[in-house]
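Descriptive analysis of the structure
Residue strings, one per chain:
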Amino acid sequence: MAIDENTPLLESPQAKTKTPLPKIQLGLTLFILFSQPMSSQYIFPFINQLIRELGITGGDDRKIGYYAGVIESLFFVTQALTALYWSRLSDYVGRKPILLVGLAGLSISNLCFGLSRVFWALVASRCIAGALNGNVGVMKSVIGEITDTTNMARAFALIPIVFTFGASIAPLFGGALVKPHEHWPKLFSGSFWVQYPYFLPSLVSASFTALSFLITALFLKESLPSKRRKKGPQLEIGSAGAQVGNPSNEDTSPVPIRTLLKTYSVMIPVANHGTLGLVDIGLFALVPLFYATPVEVGGLGLPPFTIGVIMTAYGTCNGLFQMLFTARVIERYGERRVFCSAVLAFLPIIATFPTMSWIIQTRKQVGLAIWALVFVQLLSWVMVSMAYGMRISVIFVFVTKAAPNKYSLGTMNGLSQTTTSIARSMGPATFTSLFAFSKEYNLLGGNLVYVVLLLLLCLLVFLSRRLPELKKDEQ
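Residues numbered from 1 in each chain as written. Predicted model: local features only at pLDDT ≥ 70, side-chain atom pairs only at ≥ 80, totals over all residues. Heavy atoms only, no water.

1. A look at the overall build of the protein chain
Short version of the rule: Under the DSSP-based scheme used, a helix requires at least four consecutive residues in state H or I and a strand at least two consecutive residues in state E, with every element numbered from the N terminus. Categorising residues by exposure relies on relative accessible area from a 1.4 Å probe, with only protein chains included: less than 20% of the type maximum marks a residue as buried, more than 50% marks it as exposed, and the intermediate range marks it as partly exposed. Pairs of residues are marked as contacts when any of their non-hydrogen atoms sit within 4.5 Å. Working definition of accessibility: Shrake-Rupley area with a 1.4 Å probe, residue cover restricted to the visible protein chains.
Each helix and strand counted, the protein chain has 21 helices and zero strands in total. By residue count, 60% of the 475 residues in the protein chain fall in the buried class. The contacts of the protein chain with a sequence gap of at least 6 include a subset with a gap of at least 24, amounting to 83%. With the model as given, the accessible surface of the protein chain reaches about 18700 Å², and the carbon-plus-sulfur share is 66%.

Right, here's the structure in full:
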């Protein structure tokens, strides 16, 4: 049979009996994965206020977006520079040692962030967090190795749920625990809390990551095939390698990175993952910035606690929707159809921003109309994020099944994680700076940033149509 880029990644002559999920090891892996959003997203409710209080902008609130974007992006910049190397190393030394290094790095960097009172210290702590953290790509490899083709989609469908709950809890304690000496003076009356008003949320994040480190060290089993006994489910990796003459599953050597980069069926899922990450992180960075920007500049001027509550409400509803519907929809309609349809859900979210901006510039205050639009935006975002959960679950499946052999799975996920980390590193700084630039020079009425997002969405729609079909019994 002729093989080209449109050939399904996996083929099987008959449907297989579904293997039960490995609940204990999968549960431990997802708990460890929970530390990622808990460490990366708790700063969003207060980062703009922190920049303002440090006096970096010289009192010009229109420039806050530039500096906030840099700090938000640094984690992903340094992660992009190191993720592939950590994942590649995990193909040789095992998954567990790399996870332990990443968790230790996250915990230490969070403590440093809370103790930082100058801009360069904030920069250094975020760089440490990203450079030592290659965990996301490695944990995807772990999930791919403890599942097989019959239950892989169900396992990957749980990842967005974990990220959603983490992304909802992190902004809540990030916004609620800042300046504890003002909210709970009897408990936090010392001068330390006055000098370091943002240390408490950083301490909570660092403590959770330290707990994850302990659980990993004690209970998580090594999943790399060459480092464990041959038992349990064995992942059947796809035919991408066969298309370019790469080794099969029987080969015990990781495929060279250069070979993977030349393989069409490998790079299409990776390109989709990277573009998806760029659009998603751009919106996620713009929402708290738009909410925190003063009314005079065209934002809503909301305090950190309110922003944290709003993002938590969105995250909670989003998690419930994903838990109830994501796996069922993928199972019913198939990975490719779900992905191609779901990417279109970004459109109404992008359109909401200029509408709210126009109203706030007209009325100069946050009234009933604005709160109604905030509700509509969050409701739409719940639907979008439910779709995002489906999309990200699907793209994980495509990336995993495109690996030439099971010994290249870490490298494959590292390549995918590096691509999306590059995109996510560019996203916050690019879109928050573009937001500030649009407002400062009134480009397209201050709406240039949303036009750029729309163009990127068109690219994502195009790339999604290039994904190959999967056989029904492999969906």
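2. Re the packing of helix H4 (residues 64–93) against helix H5 (residues 95–114)
Let me state the cut-off plainly: Here an angle of 0 to 180 degrees is reported between the N-to-C directions of two axes, which are lines fitted to C-alpha atoms, with helices fitted over the stretch in contact. Any angle that falls under 35 degrees is termed roughly parallel, while one over 145 is termed roughly antiparallel, one within 65 to 115 roughly perpendicular, and all others oblique. In this scheme the crossing of two helices becomes right-handed for a clockwise turn of the near helix relative to the far one and left-handed for an anticlockwise turn of less than a right angle. For this classification, Asp, Glu, Lys and Arg are treated as charged, while Ala, Val, Leu, Ile, Met, Phe, Trp, Tyr, Cys and Pro are nonpolar and the rest, including Gly, are polar.
At their nearest, the axes of H4 and H5 sit 9 Å apart, and the two run at 160° to each other. The angle between the axes of H4 and H5 places the two elements in the roughly antiparallel class. With respect to the hand of their crossing, H4 and H5 are arranged in right-handed fashion. For the pair H4 and H5, the contacting residues are Ile-71, Phe-75, Trp-86, Ser-87, Leu-89, Ser-90, Asp-91 and Val-93 in the first and Arg-95, Pro-97, Ile-98, Val-101, Leu-106 and Phe-113 in the second. Looking at the contact of H4 with H5 residue by residue, the class counts come to 10 nonpolar, two polar and two charged.

3. Remarks on the environment of Pro-354
Here Pro-354 is to be found in helix H18 (residues 346–363). A residue is classified by how much of its surface remains accessible, and Pro-354, at 24% relative accessible area, is partly exposed. Pro-354 sits 92 residues away from Gly-446 along the chain, and the two C-alpha atoms are 8.3 Å apart. If near-sequence neighbours (up to four positions away) are discounted, Pro-354 is found in contact with Asn-447 and Tyr-450.

4. Some points on a nonpolar patch on the surface
Our working definition: Residues form patches when they are more than 30% accessible in relative terms and have no salt bridge. Like charges link within 9 Å. Nonpolar side chains (Val, Leu, Ile, Met, Phe, Trp, Tyr) link within 5 Å. Every case where a carboxyl oxygen of Asp or Glu lies within 4 Å of a side-chain nitrogen of Lys or Arg is listed as a salt bridge.
A cluster of nonpolar residues, Leu-211, Leu-214, Leu-218 and Phe-219, forms a patch on the protein surface that exposes about 410 Å² of accessible area. Mapped onto the secondary structure, Phe-219 falls in helix H12 (residues 199–219).

5. Quick word on H18
Heads up, the rule is: Expected helix span is taken as 1.5 Å per residue step, with the number of steps being one fewer than the number of residues.
Across its 18 residues, H18 extends 27 Å between first and last C-alpha, which sits within 8% of the 26 Å expected from 1.5 Å per residue. Along H18, the residues classified as buried are Phe-346, Ile-349, Ile-350, Thr-352, Phe-353, Met-356, Ser-357, Ile-359 and Ile-360. Looking at the residues trailing H18, positive phi occurs at Lys-364, about 60°.

6. Remarks on the packing of aromatic side chains
Applied cut-off: Side-chain rings of Phe, Tyr and Trp, where Trp is taken by its six-membered ring, are said to pair if the distance between their centres is within 6.5 Å; with planes under 30 degrees apart they count as stacked, over 60 as edge-to-face, and otherwise as tilted.
Taken as a whole, this structure holds 18 aromatic pairs when the rule is applied. With centroids separated by 5.3 Å and ring planes inclined at 10°, the aromatic side chains of Phe-353 and Tyr-450 adopt a geometry described as stacked. With Phe-353 in helix H18 and Tyr-450 in helix H21 (residues 448–464), this residue pair connects regions lying 97 residues apart in the sequence. Side by side, Phe-353 and Tyr-450 carry an identical accessibility label, which is buried.

7. Things to note about the side chain of Thr-352
With respect to the element layout, Thr-352 can be found in helix H18. By relative accessible area, Thr-352 is classed as buried at 10%. Excluding its chain neighbours within four sequence positions, the residues that come into contact with Thr-352 are Leu-373 and Gln-377.

8. Side note on the nonpolar core
Short version of the rule: The set of buried Ala, Val, Leu, Ile, Met, Phe, Trp, Tyr and Cys residues whose side-chain atoms join them within 4.5 Å is what this entry labels a nonpolar core.
Among the nonpolar cores identified, the biggest contains 51 residues, and Tyr-291 and Leu-300 are the most heavily contacted of them. Elements with a minimum of two residues in this core: H4, helix H15 (264–292), helix H16 (304–333), H18, helix H19 (368–401), helix H20 (409–441) and H21. In terms of residues, this core owes the most to one element, H15, which gives 14 residues. Setting aside residues no more than four positions away along its own chain, Tyr-291 makes contact with Leu-300, Gly-301, Leu-302, Ile-307, Ile-310, Met-356, Val-374, Gln-377 and Leu-378. By size, the runner-up hydrophobic cluster in this structure holds 47 residues, among which are Ile-43, Phe-46, Val-138 and Ala-170.

In short, shape yes, function no, at least from these values alone.
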